[in-house]
Amino acid sequence: MKKLVSLLMVAALSASMLTGCGSSNDAAGSSDAATDTTAEGTENAAGGTLKIGGIGPLTGAAAVYGTAVANAAQLAVDEVNAAGGVNGMQLELNFQDDECDAEKSVNAYNTLKDWGMQMLVGSVTSGCSIAVSEYTKDDNMFQLTPSGSAVECVQYDNAFRVCFSDPNQGLASAQYIGENNLATKVAVIYDSSDIYSSGIYEKFAAEAANQPFEIVSAEAFTADNKTDFSVQLQKAKDAGADLVFLPIYYTEASLILSQADKMGYAPQFFGCDGLDGILNVENFDTSLAENVMLLTPFAADATDDLTVNFVKNYKDKFNGETPNQFAADTYDAIYAIKAAAEKAGITADMSVSDICEAMKAAMTEITVNGLTGTITWSADGEPTKEPKAVKIVNGSYTAM
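Residues numbered from 1 in each chain as written. Predicted model: local features only at pLDDT ≥ 70, side-chain atom pairs only at ≥ 80, totals over all residues. Heavy atoms only, no water.

**Notes on the overall build of the chain**
Scanning the chain for helices and strands turns up 12 helices and 15 strands. A buried classification covers 56% of the 400 residues belonging to the chain. For the chain, the accessible area works out to roughly 15,100 Å², and carbon and sulfur atoms hold 47% of it. (Helix = DSSP H or I, 4+ residues; strand = E, 2+ residues; numbered from the N terminus. Buried < 20%, exposed > 50% of the residue type's maximum accessible area, 1.4 Å probe, protein only. Areas by Shrake-Rupley, 256 points an atom, 1.4 Å probe, with all protein chains shown as cover.)

This is the structure we're talking about:
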């Protein structure tokens, strides 16, 4: 059963959300400019304007994620509008910065409501998405998070997600390592204070019992102690782990890789979507990430037409930046909204609540052939798609 998450818990969760680094000043500016351009183009749209809000970190430690989401959302909105819109409507995107802070994410939600938002893409991170979901539930507003992976992100029936949930990532990671015989002895380093990391670890550990490898070391850290990983690495090394599973975010992972190198420990490293961004960590020697594997639904070097065109268009629009899986999930999110809105016959003059009710039903009836796979949704908000893994080779993500 889905559980209620109180606002007090949300406040606690905000302290355990992901950290990272990156600059998003250009992205924030381009999102605003694109929104203004889109708004101008909607004035003459025969079907009116469907207002979509977005929330995520455009500044601060997690800006790598939020920037990718804002950019991809705008790219998809522009494409949809250029192709005639949705049910005769043009889409208008307004993306607000929450700095990866739950309270600021709620403030951003209220700002978007004042603007006239009719449905929400976001928030980007789990803690923020959970915080905002308390308000979208009360308002009966349709919410689709591209990347909020905690179970509680979709605890209410108005909320859906595009990414895999934390338990599903843990399950799929254990199965991938086992089925591909990547290791016989596995160590885990995880953040016990973070809902994302601990959620993945718990399911990974449970599934490991069914796989042909042994967890020989499982060591935690917390948000208050995440710079020195020598103890965790030494225990993994002493236990003979030939693979270290890292269900954590890219900043801490970059420190672990650097510290492992200094102590002469060179196991395989395997992570989940939180590692996407490690190649952008400031002052990190990216050669240390060579051959790191991560479970992710998207590889920018894939050769299918959809991916090739998306990567080209994204690079052209955003100064040569290569899109990550957060961008890919978001691109798929906008096209899921398009498909569901068309299926439900959404019009711009419908109330927020009526739009939500129609979207909830339609999401379970659509199939999106997206960048991250062929996706369907169940009524509990969870997507069904095939997990994939990538490896960092020559400084780029390569499909495995």
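**Some details on the sheet that holds strand β8 (residues 243-246)**
Within the open sheet, the 7 strands sit side by side as β7-β6-β8-β9-β10-β14-β15. Their pairing is mixed. In this open sheet, the two edge strands, each paired with only one partner strand, are β7 (214-221) and β15 (396-399). Ignoring strand direction, the axes of neighbouring strands in this sheet form an average angle of 25°. Helix α7 (residues 195-208) rests against β6 (185-191), β7 and β8 of the sheet, and its axis sits at about 160° to β6. Where helix α8 (residues 230-238) meets the sheet, it contacts β6, β7 and β8, and its direction lies at approximately 175° from that of β7. (Pairing = 2+ DSSP bridges. Axes fitted to C-alpha atoms, helices over the stretch in contact; angles between N-to-C directions. Contact = heavy atoms within 4.5 Å.)

**So, the environment of Ile-130**
Here Ile-130 lies in helix α5 (residues 126-139). For Ile-130, a relative accessible area of 0% translates into the label buried. Sequence spacing of Ile-130 and Gln-155 is 25 residues, and the spatial spacing of their C-alpha atoms is 8.6 Å.

**Focus: the packing of helix α3 (residues 63-82) against helix α10 (residues 305-317)**
Viewed as axis vectors pointing N to C, α3 and α10 meet at an angle of 105°, and their least axial separation amounts to 11 Å. One way to sum up the angle between α3 and α10 is to call them roughly perpendicular. Seen from α3, the contacting residues are Thr-67, Ala-68, Asn-71, Ala-72, Gln-74, Leu-75, Asp-78 and Glu-79; seen from α10, they are Phe-310, Asn-313, Tyr-314 and Lys-317. Here the residues of the contact of α3 with α10 sort into 5 nonpolar, 4 polar and 3 charged. (Parallel < 35°, antiparallel > 145°, perpendicular 65-115°, else oblique. Nonpolar A, V, L, I, M, F, W, Y, C, P; charged D, E, K, R; others polar.)

**Digging into the pattern of salt bridges**
For the structure on display, the rule yields 12 salt bridges. When the shortest N-O distance is used, the salt bridge between Lys-317 and Asp-78 registers 3.1 Å. Here Lys-317, found in helix α10, pairs with Asp-78, found in helix α3; they are 239 residues apart in sequence, far enough to count as distant. A salt bridge links Lys-385 to Asp-329; the nearest nitrogen and oxygen atoms lie 3.1 Å apart. Here Lys-385 is found in the loop between β13 (383-384) and β14 (389-393), whereas its partner Asp-329 is found in helix α11 (residues 325-344), with 56 residues between them in sequence. Overlapping salt bridges bring together Asp-157, Glu-357 and Lys-360 as one network. (Salt bridge = Lys/Arg side-chain N within 4 Å of Asp/Glu carboxyl O.)

**Things to note about the side chain of Asp-329**
By relative accessible area, Asp-329 is classed as buried at 1%. Once residues within four sequence positions are removed from consideration, Asp-329 is found in contact with Pro-146, Val-162, Cys-163, Pro-297, Thr-372 and Lys-385.

**Side note on the pairing of β15**
Along any regular strand, the residues point their side chains to alternate faces of the sheet. When β14 meets β15, the two strands line up antiparallel, connected through 4 bridges. Within β15, the residue paired with Ile-392 across the bridge is Tyr-397. Count of turn residues in the β14/β15 antiparallel hairpin: 2 residues, of which Asn-394 carries a positive phi of about 55°.

**Let's talk about the sheet that holds strand β3 (residues 119-121)**
Here 5 strands make up an open sheet; going across it, the order is β2-β1-β3-β4-β5 and the pairing parallel. Across the chains shown, the open sheet's two edge strands, defined by having one partner strand only, are β2 (90-97) and β5 (159-161). Averaged over all pairs of adjacent strands, the angle between strand axes in this sheet comes to 25°, irrespective of strand direction. As paired elements, strand β1 (residues 49-56) and β3 share 3 bridges and run parallel to each other. From the neighbouring strand, Ile-52 faces β3, where its bridge partner is Met-119. Helix-sheet contacts for helix α4 (residues 102-115) involve β1, β2 and β3, and the interaxial angle to β1 is about 165°.

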